[in-house]
Amino acid sequence: MTQRPRLTPAVADVRRAVRTNLADVEHGSVVLVALSGGPDSLALAAGLGFEAPKLGLRAGAIIVDHGLQDGSAEVAERAASQAQALGLDPVIIRSVKVVPQSGPEADARTARYAALEAVAKETGAVAVLLGHTLDDQAETVLLGLTRGSGATSLAGMSEINAIYRRPLLGIRRAETVAACADQQLTPWNDPHNEDSAYTRVRIRTEIMPMLEDKLGPGVAEALARTAEQLRQDAVVLDALTAEMMPTVLVPALGEPVDSRRAVLEISQLEALPVAILNRVIRRTALEVFSVSLSAAHTTSITRLITHWHGQGEAHVPGIRVERQGTQLVMSSTSSPPTESSAHQH
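Computed from a prediction, not measured in an experiment: that's the story for all the values here. (Residues numbered from 1 in each chain as written. Predicted model: local features only at pLDDT ≥ 70, side-chain atom pairs only at ≥ 80, totals over all residues. Heavy atoms only, no water.)

**Quick notes on the overall build of the protein chain**
Thought 1: Counting secondary structure elements, the protein chain contains twelve helices and ten strands.
Thought 2: For the protein chain, whose C-alpha radius of gyration is 22 Å, the value lies close to the compact-globule estimate of 20 Å for 345 residues.
Thought 3: Counting all 345 residues of the protein chain, 44% fall into the buried class.
Thought 4: Within the protein chain, contacts between residues separated by at least 24 positions form 72% of all contacts whose residues are at least 6 apart in sequence.
Thought 5: Roughly 17,400 Å² of accessible area belongs to the protein chain as shown, and the carbon and sulfur atoms make up 53% of that amount.
Thought 6: Of the side-chain charges in the protein chain, 32 are positive and 39 negative, and the distance between the mean point of each set is 1 Å. (Helix = DSSP H or I, 4+ residues; strand = E, 2+ residues; numbered from the N terminus. Rg over C-alpha atoms; globule rule 2.2 N^0.38 Å. Buried < 20%, exposed > 50% of the residue type's maximum accessible area, 1.4 Å probe, protein only. Contact = heavy atoms within 4.5 Å. Areas by Shrake-Rupley, 256 points an atom, 1.4 Å probe, with all protein chains shown as cover. Lys, Arg positive; Asp, Glu negative; His and termini not counted. Charge placed at Lys NZ, Arg CZ, Asp CG, Glu CD.)

**So, the pattern of salt bridges**
Thought 1: Enumeration according to the criterion identifies 18 salt bridges in this entry.
Thought 2: Across the salt bridge formed by Arg-200 and Glu-139, the nearest N and O atoms sit 3.7 Å from each other. Remark: Glu-139 occurs in helix α5 (residues 134-146) and Arg-200 occurs in helix α8 (residues 199-215); sequence separation between them is 61 residues.
Thought 3: Given the relative accessible area of 25%, Arg-200 is considered partly exposed.
Thought 4: Here Arg-204 and Glu-139 are joined by a salt bridge, their closest N and O atoms 3.3 Å apart. Residue Arg-204 is located in helix α8, and its partner Glu-139 is located in helix α5; the two are separated by 65 residues in the primary sequence.
Thought 5: Linked through salt bridges whose partners overlap, the residues forming this network are Asp-40, Asp-136, Glu-139, Arg-173, Arg-200 and Arg-204. (Salt bridge = Lys/Arg side-chain N within 4 Å of Asp/Glu carboxyl O.)

**A look at the packing of α8 against helix α9 (residues 219-248)**
Packed helices, taken two at a time, are described by their axes: the angle between them and the distance between them.
Thought 1: Following both chains from N to C, one finds α8 and α9 inclined at 105 degrees, their axes separated by 9 Å at the closest point. One finds that α8 runs roughly perpendicular with respect to α9. Residues Met-208, Leu-211, Glu-212 and Leu-215 of α8 pack against Val-219, Ala-220 and Leu-223 of α9.
Thought 2: Tallied by class, the residues present in the contact of α8 with α9 amount to six nonpolar, no polar and one charged. (Axes fitted to C-alpha atoms, helices over the stretch in contact; angles between N-to-C directions. Parallel < 35°, antiparallel > 145°, perpendicular 65-115°, else oblique. Nonpolar A, V, L, I, M, F, W, Y, C, P; charged D, E, K, R; others polar.)

**With respect to the side chain of Gln-137**
Thought 1: With respect to the helices and strands, Gln-137 occurs in helix α5.
Thought 2: On the basis of relative accessibility, which here comes to 2%, the residue Gln-137 falls in the buried class.
Thought 3: Dropping the residues within four chain positions of it, Gln-137 is found in contact with Ala-155, Gly-156, Met-157, Leu-169, Ala-224, Ala-227 and Arg-231.

**What about the UniProt feature "domain: tRNA(Ile)-lysidine synthase substrate-binding" (unreviewed entry) in the protein chain?**
Thought 1: Here the UniProt feature "domain: tRNA(Ile)-lysidine synthase substrate-binding" (unreviewed entry) sits at residues 264-324.
Thought 2: The distance from the first to the last C-alpha atom of residues 264-324 is 10 Å, and the span holds 54% helix and 18% strand. (UniProt positions renumbered as here; feature names shortened; annotations may be inferred.)

Now the structure itself:
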């Protein structure tokens, strides 16, 4: 970049989003951007490179090479070069092996997040910025609706979740494309983003344009607002669930913490509103067994409480659940869980 790019509305919007998102990060901290080289993450990297010095932060980039396409190493190197030109340091390329297990998208995601967490620890980064946009949020909500997901899934992606931050959830994808063009940045267009074999791609390229055409503009924004409203509700319900957990879990005296067995008191569970009960079950499965339950799996367990008529145990991935007298007993059916054993829905 031989000349200073002009400040266009798209560039200003991205920079403002980054600045707002990172306002609470302590001066001197390391912040990384997960950079694929696509327009969303590249615009985000440019915004971070501009704002980080003003915020007193050290900004770097992590590029994950999944090795799933020919030339992926060259794509990673090109993204790294652009990150360095934007003033980011350190810039780290991490090659990963995608282990077939739950499907191409989920398997790549598992490998990617494992790499992001590892690099964050190595560099001491307090935040990893992800390039998800308002369009991604809308697609997530629509995908959840088609799958009959619960409110937690429909709440979409959080702007801040542990070390992960998504500054661009209020920015349209068209703006990130414009921001790259305005700054003379050349993004890489992943061919997978045009492959209609993926449900999310069909939603992006076929369903959303059709909805906008038939219902008028603003569908994506409306779906994103729905996610925000549900997320606000979820915050309250999750807080109530956290308060309830000590009253429903039965301490297993003498057993080690990692016994991978949970006992819940049915008399306490029966009195809970369904929204809280479902969360108690899902939270127990996640915290004790590292298993993320789908809505259907959660229902199969709660029926042992709300619709009990002597039926047998419920089986969900990695967990056996049975009613024993006044207690609901959840026990692991698999070997000790690893990072890849938690399925995301």
